[in-house]
Amino acid sequence: MDELVRRWAHGWCLCRGLAAAQDHETALEVTLDLPGRTRELFALTDRTDVIDDLAIEITKATEPTWLTVTTQHPDATAAVLEQAGLEVFAERCLLMSIDLNLHAEAATPAQYRVETSSDGPLERTRILDAQGNIAARGMAAIVGQDAVMHDIQTDPAHRRLGLGSVVMATLSSRARQRGAATGLLMATPEGGYLYTRSSWLTEATMLTAISGTDRPRSRRPAAG
C-alpha cells in the first residue's frame, strides 16, 4: 500500500502545484500553506506504533498539521487515531484505481461540448454548456504509467446528466494516449459510488485526523 500512496501523492502534488512530498520513511510530508492546513502527513503504514508517533508530531506541531492514514481496516485505524488523541474527520475518502483500458466510455450530451488542454504533465478537461459556461471539469497528472485524477467537479445546475463520467472518460483517453495504464484518485464516498460504475476499484480508505486544538473543519475539501 505504501507504494500506491507514494504514486498517488506524486500526481496529487503536481495537480495542486505543490512541491514534491518529502519522504520520511513512515510518512510523506506535504506543505500546503493553507489556512488551518499548513502541512499534511500521509502515513505509509497503518501500524499502531507509527500512528502513535505521528500523532505525537501532529499534537506538538506549531502550525496546523493534518494526518491522513490509508488503510484497509478503517474502523480499527480510526479507533487508534482517536486513542492517540486526534480528532478523525467524519468523511472517509477512498483511494481508488483502475486499469485505464477498462474505463467506461461516456457520450457527451448534445447541448454540451468538451475542451481539453495539456500543460506539461497535466491534462485538463472542461465541459461547456451552450452559453460557454463551465458545467464540469477535471484534471489529471501523468506520472510514468499513472494518471492521477484530481478536482473532478460538476456545477450543481448540470448534475445528473453524466457530465462527470464524460470528464473521467476524456481524461482516461488522453492519459492512455500519453502512455498511462493505471488511473489513481482520492474520492469522496459519493464520488466513489459514481466511479465504481465506471469500473474503478477501491484500494483502501483514507482517514484524516487533526489535533483537537486545531479543528479547522469537519471534512476535507471536495478537491482533496
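Below: a short report on this structure. No experiment lies behind these values; they were computed from the predicted model shown.

Let's shift gears to the pairing of strand S4 (residues 65-71). Burial analysis of S4 places seven of its seven residues in the buried class, the great majority of the element. Residues Thr65, Leu67, Val69 and Thr71 point to one face of S4 and Trp66, Thr68 and Thr70 to the other, with burial holding for every one of them. Bridging between strand S3 (residues 37-43) and S4 involves five bridges; their strand directions are parallel. For Phe42, the partnering residue across the bridge sits in S4 and is Thr68. Here S4 pairs with strand S12 (residues 201-211) via five bridges, running antiparallel. Within the sheet, the bridge partner assigned to Thr70 lies in S12 and is Met206.

In this structure, Asp33 takes a positive phi of about 55° despite not being glycine. Note that Asp33 resides in strand S2 (residues 27-34). Given a relative accessible area of 60%, Asp33 falls into the exposed group.

When a protein is soluble and globular, its nonpolar side chains tend to lie buried together. Counting residues in hydrophobic clusters, the biggest one holds 23 residues, and the most contacted among them are Met149, Leu185 and Trp200. When residues of this core are traced back to their parent elements, those giving at least two are strand S6 (93-99), strand S9 (134-143), strand S10 (146-154), helix H4 (163-177) and strand S11 (182-187). In terms of residues, this core owes the most to one element, H4, which gives six residues. Those residues in contact with Leu185, other than ones at most four positions away along the chain, are Trp8, Leu94, Leu95, Met96, Met149, Met168, Tyr195 and Trp200.

So, on to helix H1 (residues 2-16). Across its 15 residues, H1 extends 21 Å between first and last C-alpha, which sits within 8% of the 21 Å expected from 1.5 Å per residue. Residue Gly17 follows H1 closely and has a positive phi angle near 70°.

Relative to the helices and strands, Glu190 is located in helix H5 (residues 189-196). Residue Glu190 is classed as exposed on the basis of its relative accessible area of 64%. C-alpha separation for the pair Glu190 and Asp151, spaced 39 residues apart in sequence, amounts to 14 Å.

A complete count under the given rule lists 16 salt bridges for this structure. Of the charged contacts in the structure, one is a salt bridge between Glu57 and Arg39, with a shortest N-O distance of 3.6 Å. Taken as a pair, Glu57 in helix H2 (residues 48-60) and Arg39 in strand S3 lie far apart in primary sequence, 18 residues in all. Judged by relative accessible area, which is 34%, Glu57 ranks as partly exposed. For Arg39, a relative accessible area of 11% corresponds to the buried category. One salt bridge in this structure joins Asp151 and Arg137, with 3.4 Å as the shortest N-O distance. Within this pair, whereas Asp151 is found in strand S10, its partner Arg137 is found in strand S9, the two being separated by 14 residues in sequence. Looking at Asp151, the relative accessible area reads 17%, which means it is buried. A residue is classified by how much of its surface remains accessible, and Arg137, at 36% relative accessible area, is partly exposed. What emerges from the salt-bridge pattern is a single network uniting Glu29, Arg39, Glu57 and Glu63.

Criteria and cut-off values
Residues numbered from 1 in each chain as written. Predicted model: local features only at pLDDT ≥ 70, side-chain atom pairs only at ≥ 80, totals over all residues. Heavy atoms only, no water. Buried < 20%, exposed > 50% of the residue type's maximum accessible area, 1.4 Å probe, protein only. Helix = DSSP H or I, 4+ residues; strand = E, 2+ residues; numbered from the N terminus. Pairing = 2+ DSSP bridges. Core = buried A, V, L, I, M, F, W, Y, C linked by side-chain atoms within 4.5 Å. Contact = heavy atoms within 4.5 Å. Expected span 1.5 Å × (residues − 1). Salt bridge = Lys/Arg side-chain N within 4 Å of Asp/Glu carboxyl O.

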